Amino acid sequence: MQTPVDATSTSAWAELTKLHDAFTPDLRGAFAADPERASRYSFDAADLHVDLSKNFLDDEVLAALLELAEQVKLPEMREAMFTGQHINVTEDRAVLHTALRLPRDAELVVDGQDVVADVHEVLDKIYVWAEKIRSGEWKGVTGKPITTVVNIGIGGSDLGPVMVYEALKPYKTGPDARFISNIDPNDCAEKVADLDPEQTLFIVASKTFTTLETLTNARMAREWLLGKLAESGAIDGSDEQATDAVAKHFVAVSTALDKVAAFGIDPENAFGFWNWVGGRYSVGSAVGTSVIVALGKENWENFLAGMHAMDVHFRETEPGRNVPLLMGLLNVWYTNFFGAESHAVLPYAQYLHRFAAYLQQLTMESNGKRVRWDGSEVTTGTGEIFWGEPGTNGQHAFYQLIHQGTKLIPADFIAVANPAHPVKDGETDVHELFLSNFFAQTAALAFGKTADEVRAEGTAEAIVPARTFPGNRPTTSIMASWLTPAVVGELIALYEHITFVEGIVWGIDSFDQWGVELGKQLALQIAPAVQGDQDAKAKQDSSTQGLIDYYLAHREN
């Protein structure tokens, strides 16, 4: 396998440094000088149309960025990922989320395993089981069909499924889905408060079946289920009936079949996945079981096909038209040469309201690293702070900072041409009004409003500066015809590959996440102190001791 090259030692990096030093952003001038700019820097990737023309980009910068990709061996590393080489070096694992969406007739053998056959064996098992839920064949302990599935997971076992479920609600043809993730007991309590236990099924998603938050929530859900069933007289409280109830109202997404069985779940109703699937890349695996139940097999297969279409684009499209490659390189350009620290993702599609939250884990858990793949210190800044909210809500919240603040915040705008629910307000098409904001915001960010233009409107001189917009705020526009299952899959895979591109340039392992471990370990050590163990409390620092004392003094139940 190729090993990552230090990007800062390449001639392309030196050229980009030179270009940056001479670069004065002038998007007004760039568009005026080149009437074909928009068409030259707009590309199609599967069903997505992507306009990069409002970025700090010219032919020299583009050439240098593409040369950087070559010099850090990005094509070779990409092929290493797709073919199952162990590019997750700290865990000595392949990285094969792309295999989750390979067609049934594809061929891929990794470490002696037929990966495609393994993936489709699990998918087929889920499809058969999900159809039993959807058709009403699967009954709860009292003989009633399931009307709500509740996914219990955290991190990738929650953020992915809930985002896809919310994005594709118009395609729901089966039971409702809810999602419990936070160990805060209020999350579980609120999610089950109005549910009928006789018609509720829980899906516990934890690969090892040891995740603290997930198993704690699963036990709370089990207690709620058995308590409510006993309260209504549906079961008599005997161990035998309790065991039967758990078996009919719980399934698992896990490979730890012994722990699954110990919880009370029939191992036949456990759907596995593999150590070459990182949690934040796992939505296309059995982790999506709750969504399969809600959407059905056909919609799920279209979702996977969309992800695969973007995989093919990334793997096969020439560099100069390769959308994930170009977007990833532009992010490096902004982060390392312009000092941008964050990146906004702004969907003008309410169904994508959880997309930015999903990307936060995907991007920041992947590329929030301070050491390179070999353990040496990074030689440049890494990672971006991803954030965002749907438009037009964000326009009334944080757009002020993007338009007129002192920070450079590149932004991706996402929209679809056709709404799931077309509506008119009188003679006005509401979706057209909505998208007018989408088009206007990227134009306003790019071109701004000069002081002379403000004065020409008759504005008093004293407030001209406050009403001037500097422009030259870079944006990328992503559009699709409809927000279909395939398009949602394409968006996910697009950002997965953008993240990969950045990680290769920075020379880091984007597929481990050791940074999440320390806090969890300390929480287990501190828990006895919170429960009143004075010896455990004495081992803590003075700040932690003081906070625990406050908690213990004010806890009322």
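Residues numbered from 1 in each chain as written. Predicted model: local features only at pLDDT ≥ 70, side-chain atom pairs only at ≥ 80, totals over all residues. Heavy atoms only, no water.

**Quick word on the overall build of the chain**
A count of helices and strands for the chain gives 22 helices and 15 strands. Taking 24 Å as the expected radius of gyration for a compact globule of 557 residues, we find that the chain reaches 26 Å, a close match to that expectation. Taken across its 557 residues, the chain has 51% of its residues classed as buried. Sequence separation of 24 or more characterises 75% of the internal contacts of the chain that already satisfy a separation of 6 or more. With an accessible surface of roughly 24,000 Å², the chain has 51% of that area assigned to carbon and sulfur atoms. Computing the positive centroid from 43 side-chain charges and the negative centroid from 77, the chain places the two 3 Å apart. (Helix = DSSP H or I, 4+ residues; strand = E, 2+ residues; numbered from the N terminus. Rg over C-alpha atoms; globule rule 2.2 N^0.38 Å. Buried < 20%, exposed > 50% of the residue type's maximum accessible area, 1.4 Å probe, protein only. Contact = heavy atoms within 4.5 Å. Areas by Shrake-Rupley, 256 points an atom, 1.4 Å probe, with all protein chains shown as cover. Lys, Arg positive; Asp, Glu negative; His and termini not counted. Charge placed at Lys NZ, Arg CZ, Asp CG, Glu CD.)

**Some remarks on the sheet that holds strand 15 (residues 475-480)**
Taken together, 6 strands build an open sheet; the order of strands is 1-2-15-12-10-11 and the sheet is mixed. Every other strand in the sheet has two partners, leaving strand 1 (42-45) and strand 11 (385-387) as the edge strands with one partner each. For this sheet, the mean angle separating the axes of adjacent strands, direction not counted, is 20°. As defined by bridge partners, strand 2 (residues 48-51) adjoins strand 15 across 3 bridges and the pair is classed as antiparallel. Counted as the bridge partner of Val50 is Ile478 from strand 15. Running over the sheet, helix 14 (residues 323-337) touches strand 1, strand 2, strand 10 (342-348), strand 11, strand 12 (411-416) and strand 15 and is turned about 130° from strand 1. (Pairing = 2+ DSSP bridges. Axes fitted to C-alpha atoms, helices over the stretch in contact; angles between N-to-C directions.)

**Topic: the nonpolar core**
Counting residues in hydrophobic clusters, the biggest one holds 126 residues, and the most contacted among them are Trp129, Trp276, Trp333, Phe355, Ile492, Tyr495 and Val505. When residues of this core are assigned to their parent elements, the largest contribution, 13 residues, is made by helix 19 (residues 485-506). Aside from chain neighbours lying at most four places away, what touches Ile492 is Met163, Val164, Val283, Phe303, Met307, Phe355 and Tyr358. With 26 residues, the next largest nonpolar core counts Cys188, Trp224, Ala245 and Phe263 among its residues. (Core = buried A, V, L, I, M, F, W, Y, C linked by side-chain atoms within 4.5 Å.)

**Focus on the packing of helix 5 (residues 74-82) against helix 13 (residues 297-316)**
One can describe the packing of helix 5 onto helix 13 by two numbers: an axis separation of 10 Å at closest approach and a directional angle of 145°. Between helix 5, through Arg78, Glu79, Met81 and Phe82, and helix 13, the contact on the second element is made entirely by Asp311, Phe314 and Arg315. Residue composition of the contact of helix 5 with helix 13, by class: 3 nonpolar, no polar and 4 charged. (Nonpolar A, V, L, I, M, F, W, Y, C, P; charged D, E, K, R; others polar.)

**A few points about helix 6 (residues 115-135)**
Compared with an ideal rise of 1.5 Å per residue, which puts 21 residues at 30 Å, helix 6 spans 30 Å between its outermost C-alpha atoms and is within 8% of the ideal. Those residues of helix 6 that fall on the buried side of the exposure criterion are Val115, Val116, Asp118, Val119, His120, Val122, Leu123, Ile126, Tyr127, Trp129, Ala130 and Ile133. Gly136 sits one or two positions beyond helix 6 and adopts a positive phi of about 90°. (Expected span 1.5 Å × (residues − 1).)

**What about the environment of Met77?**
The topology assignment puts Met77 in helix 5. Taking the C-alpha atoms as reference points, Met77 and Leu359, 282 residues apart in sequence, are found 22 Å from one another.

**Focus: the pairing of strand 7 (residues 200-205)**
Of all 6 residues in strand 7, 6 are buried, a share of seventy percent or more. Burial along strand 7 is two-sided: Thr200, Phe202 and Val204 and Leu201, Ile203 and Ala205, pointing in opposite directions, are all buried. Strand direction decides the pairing type here: strand 5 (residues 148-152) and strand 7, joined by 5 bridges, are parallel. Along strand 7, the bridge assignment pairs Thr148 with Thr200. In this structure, strand 7 lies alongside strand 8 (residues 250-253), joined through 4 bridges in parallel fashion.

**Some thoughts on the packing of helix 1 (residues 11-21) against helix 4 (residues 59-71)**
In helix packing, the relevant descriptors are the interaxial angle and the interaxial distance, both defined with respect to the helix axes. At a minimum axis separation of 8 Å, helix 1 and helix 4 run at an interaxial angle of 155°. Compared by their axis directions, helix 1 and helix 4 come out roughly antiparallel. In this structure, helix 1 crosses over helix 4, and the sense of that crossing is left-handed. Here Ser11, Ala12, Trp13, Glu15, Leu16 and Leu19 of helix 1 come into contact with helix 4, specifically with Glu60, Val61, Ala64, Leu65, Glu67, Leu68 and Gln71. Tallied by class, the residues present in the contact of helix 1 with helix 4 amount to 8 nonpolar, 2 polar and 3 charged. (Parallel < 35°, antiparallel > 145°, perpendicular 65-115°, else oblique. Left-handed = near helix turned anticlockwise from the far one by under 90°.)

**A few points about unusual backbone geometry**
Here the amide bond leading from Gly391 into Thr392 is cis, since omega sits at 10°, within 30 degrees of zero. Secondary-structure assignment places Thr392 in the loop between strand 11 and helix 16 (399-404). Even without being a glycine, Lys73 presents a positive backbone phi close to 65°. In this structure, Lys73 sits in the loop between helix 4 and helix 5. Located in the positive-phi region is Phe209, a residue other than glycine, with phi close to 55°.

**Focus: the UniProt feature "active site" (unreviewed entry) in the chain**
Look at the UniProt record and you will see "active site" (unreviewed entry) annotated at Glu365, His396 and Lys520. These annotated residues cover 156 residues of sequence, and their C-alpha atoms reach 36.5 Å apart at the extreme, placing them across more than a single site. You can see Glu365 is positioned in helix 15 (residues 355-367). Not counting residues up to four positions away in its chain, the partners in contact with Glu365 are Arg280, Gln360, Asp512, Gln513 and Val516. Of the polar contacts made by the side chain of Glu365, one reaches the side chain of Arg280; its length is 3.0 Å. (UniProt positions renumbered as here; feature names shortened; annotations may be inferred. Polar contact = N/O pair within 3.5 Å; in protein donor to acceptor, adjacent residues only side chain to side chain.)

**Let's talk about the sheet that holds strand 6 (residues 176-180)**
Here we have 5 strands laid out as an open sheet, ordered 6-5-7-8-9, and parallel in their pairing. Taken across any chain shown, the strands that pair with only one partner, and hence form the sheet edges, are strand 6 and strand 9 (270-271).

**Topic: the pattern of salt bridges**
Per the stated rule, a full pass over the model turns up 22 salt bridges. The partner of Glu453 in a salt bridge is Arg28, and the shortest N-O contact between them spans 2.9 Å. Here Glu453 is found in helix 18 (residues 451-456), whereas its partner Arg28 is found in helix 2 (residues 27-33), with 425 residues between them in sequence. Given the relative accessible area of 33%, Arg28 is considered partly exposed. When the shortest N-O distance is used, the salt bridge between Glu131 and Arg134 registers 3.7 Å. With a gap of 3 residues between them, Glu131 and Arg134 both fall in helix 6, about one helical turn apart. (Salt bridge = Lys/Arg side-chain N within 4 Å of Asp/Glu carboxyl O.)

**Details of the packing of aromatic side chains**
Summed over all chains, the structure comprises 32 aromatic pairs. Considering the side-chain rings of Trp333 and Phe337, the 5.4 Å spacing of their centres and the 45° angle between planes classify their relative orientation as tilted. Note that Trp333 and Phe337 are positioned in helix 14 at a spacing of 4 residues, about one turn of the helix. Residue classification places Trp333 among the buried positions, given a relative accessible area of 0%. Grouped by ring-pair contacts, the aromatic residues Tyr348, Trp387, Phe398, Tyr399, Phe413, Phe434, Phe438 and Phe439 constitute a single cluster. The ring of Tyr41 has Arg40 sitting right over it, with the charged end atom 4.8 Å from the ring centre. A cation over a ring is seen here: Arg222 above Phe263, with NZ or CZ 4.2 Å from the ring centre. (Phe/Tyr/Trp six-rings, centres within 6.5 Å; stacked < 30°, edge-to-face > 60°. Lys NZ or Arg CZ within 6 Å of the ring centre and 35° of its normal.)

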